[in-house]
Amino acid sequence: MKREFISQFLSDPFFATKVNFESLGSITCIIQPASNDDLQILPEGERFNPTVRVISKTELTNGLLFHHHGMRYKIISNSIWSDYGYYDCLATRYDGSQAHDSGGFNVT
């Protein structure tokens, strides 16, 4: 796959969207549902959480939080494809009791 090929998709508003990352600001990404193959690399307990695949030119590291379509997601797996001009990550929905700011399930 040519580097220019990915760049075309990341600059096309039909495929790409601006995503607001809590610590990085606005980054242009392609977000799509995770495939069954993508889900197989996740720990068994996380395979049922809503998961998306995020492709960007900017490096996204594990733990980064972002908002997309009114939901908060957390990057949980990143693949470095920077030699080809992009980064490919998986992000899972990060709301409810698993979020650090949920206020529920206090450990004593």
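Scope of this entry: the structure provided in the associated data block.

Definitions and limits used
- Residues numbered from 1 in each chain as written.
- Predicted model: local features only at pLDDT ≥ 70, side-chain atom pairs only at ≥ 80, totals over all residues.
- Heavy atoms only, no water.
- Phe/Tyr/Trp six-rings, centres within 6.5 Å; stacked < 30°, edge-to-face > 60°.
- Pairing = 2+ DSSP bridges.
- Helix = DSSP H or I, 4+ residues; strand = E, 2+ residues; numbered from the N terminus.
- Axes fitted to C-alpha atoms, helices over the stretch in contact; angles between N-to-C directions.
- Core = buried A, V, L, I, M, F, W, Y, C linked by side-chain atoms within 4.5 Å.
- Buried < 20%, exposed > 50% of the residue type's maximum accessible area, 1.4 Å probe, protein only.
- Contact = heavy atoms within 4.5 Å.

Attention now moves to the packing of aromatic side chains. Tallied over the entire structure, the rule returns two aromatic pairs. Centroid distance Phe 66 to Tyr 73: 5.5 Å. Interplanar angle 20°. Geometry classified as stacked. By way of ring pairs, the aromatic residues Phe 21, Phe 66 and Tyr 73 are connected into one cluster.

With that out of the way, let us pick up the sheet that holds strand E4 (residues 65–68). Ordered by their spatial adjacency, six strands build a closed barrel running E1-E2-E3-E6-E5-E4, and the pairing between neighbours is antiparallel. In this sheet, neighbouring strand axes are inclined to one another by 45° on average, regardless of whether the strands run parallel or antiparallel. In this sheet, strand E5 (residues 71–81) lies alongside E4 in antiparallel orientation, the contact comprising four bridges. Note on E5: the bridge partner recorded for His 67 is Arg 72.

Counting 14 residues, the largest nonpolar core has Phe 21, Val 54, Leu 60, Phe 66 and Ile 75 as its most contacted members. At the level of elements, strand E1 (17–21), strand E2 (25–33), strand E3 (51–56), E5 and strand E6 (86–93) are the ones that each hand at least two residues to this core. For this core, the element with the highest residue contribution is E2, accounting for three residues. Within the second largest apolar cluster, five residues are counted, among which are Ala 16, Ile 30, Ile 55 and Tyr 86.

The phi dihedral of His 69 is positive, around 50°, even though this residue is not glycine. Tracing the backbone shows His 69 in the loop between E4 and E5.

Here the focus is the environment of Asn 20. Position of Asn 20 relative to the elements: it lies in strand E1. The spacing of Asn 20 and Phe 66 is 46 residues in sequence and 5.7 Å in space, taken between C-alpha atoms.

As a further point, take the environment of Gln 32. By the element assignment, Gln 32 lies in strand E2. Gln 32 sits in the partly exposed class, given a relative accessible area of 31%. For the pair Gln 32 and Phe 15, spaced 17 residues apart in sequence, the C-alpha separation works out to 9.3 Å. When neighbours within four sequence positions are excluded, Gln 32 is seen to be in contact with Val 52 and Arg 53.

Everything listed here is a matter of coordinates, which is why it stays silent on function.
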